[in-house]
Amino acid sequence: MSVTPLNALRVSTHQIPSYKGLPNTSVQGKPLMIYHSAFPNPNASNIKSHLRSVGVVSPQWEYTMFSETHFHSNTHEVLSIASGSAKCCFGGENNEGRVEPVLEKGDVVIVPAGVGHRLLEDYGGFQMVGSYPTGESWDMCYGRDGEKDKVKAIKDLGWFKKDPIYGDDGPSIKV
C-alpha cells in the first residue's frame, strides 16, 4: 500500500494542556499529531498490512471511537481512519485547549499516552484501525480519582524509535 510522500504530507501538531483528571500532553510534552490523508486509498486490511510492514505498532482492533472521554496511561496509540469521517474531541470537551478535528478516511492520528479522546459526531461509516507499540497492551482511564499513579507512570514511557507510518524518516520521531 502506498502512503502520501513525506514532502506532500500535511501534519498538524497540538499541545493540549491538562484538564481536570486528563493529563493530555502535559506529562511528556509529545504532541497530538494528525497526518492528513497519509493513506491515499485505504481500507482496514491495507492499513493493517502497511503497519505490520513498518513494524513499529501492531494493529489490535477495528472500530469507531468511544463516545466517552478516555485515555491510555500505559501506551501511545495510533489511530488510522479506514472509512468514513467524524468529528472527534482530544483533550476533554470543556477544556479551552482541546482540539476538535474532523477526521477523514486516510488520516492517521498519533495519540500520546494521557491524551483524552472521544467521538463527538459520526458523519457516516467512521471506522479506525487502532494500533499500539508492538508488544504493548492498553488500559482505559477516564480522568477519575484513583488514576493518579497511572498518570505519574506516563513520564517513564518510551516514545517511538521509528515512525509508525513512515519508518526512519517520519514526523513523529522529530518531535
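Note that residues are indexed from 1 along each chain, following the sequence as it is written. Only residues with pLDDT of at least 70 are given local features in this predicted model, and only at 80 or more are side-chain atom pairs given and counted; all residues enter the totals for whole chains, interfaces and linings. In computing side-chain values, all of the structure's heavy atoms are included and hydrogens and water are not.

Per an unreviewed UniProt entry, the chain goes by the name Cupin type-1 domain-containing protein and belongs to Exophiala xenobiotica.

For Phe, Tyr and Trp, where Trp contributes only its six-membered ring, two rings pair if their centres lie within 6.5 Å, and the inter-plane angle classes them as stacked under 30 degrees, edge-to-face over 60, or tilted in between. Evaluation of the coordinates by the stated rule reveals 4 aromatic pairs. An angle of 20° between the planes, with centres 5.8 Å apart, marks the rings of Y132 and W138 as stacked. Exposure is judged per residue with a 1.4 Å probe applied to protein chains only, and the accessible area is read against the type maximum: over 50% gives exposed, under 20% gives buried, and values in between give partly exposed. Taking the relative accessible area as the measure of exposure, W138 reaches 34% and is therefore partly exposed. Centroid distance W159 to F160: 4.9 Å. Interplanar angle 65°. Geometry classified as edge-to-face. Look at F160 and you get buried, because its relative accessible area is 8%.

With that out of the way, let us pick up the side chain of K30. Per the convention used, a helix needs a DSSP run of H or I reaching at least four residues, while a strand needs a run of E reaching at least two, with both numbered from the N terminus. With respect to the helices, strands and loops of the structure, K30 is situated in the loop between β1 (10-14) and β2 (32-36). Among buried charged residues, K30 stands out as having no salt bridge; its nearest opposite-charge side chain is D163, 11 Å away. Polar contact is defined as a pair of N or O atoms within 3.5 Å, subject to the rule that within protein one atom must be able to donate a hydrogen and the other to accept it, and that residues adjacent in sequence are counted only when both atoms are side-chain atoms. Separated by 3.0 Å, the side chain of K30 and the backbone oxygen of V175 make a polar contact. In what follows, a contact means two residues having at least one pair of non-hydrogen atoms within 4.5 Å. Each residue touching K30, except ones within four places of it in the same chain, is listed here: Q15, T25, P112, W159 and V175. Positive residues here are Lys and Arg, negative ones are Asp and Glu, while His and the chain termini are left out of the count. Note on definitions: salt bridges are taken to be side-chain nitrogens of Lys or Arg within 4 Å of carboxyl oxygens of Asp or Glu.

Neither face of strand β6 (residues 108-111) is open: one carries V108 and I110, the other V109 and V111, and all of them are buried. Strands pair, by our definition, only if DSSP identifies at least two bridges between them. In this sheet, β6 lies alongside strand β4 (residues 77-90) in antiparallel orientation, the contact comprising 4 bridges. Opposite V78, over in β6, you have I110 as the bridge partner.

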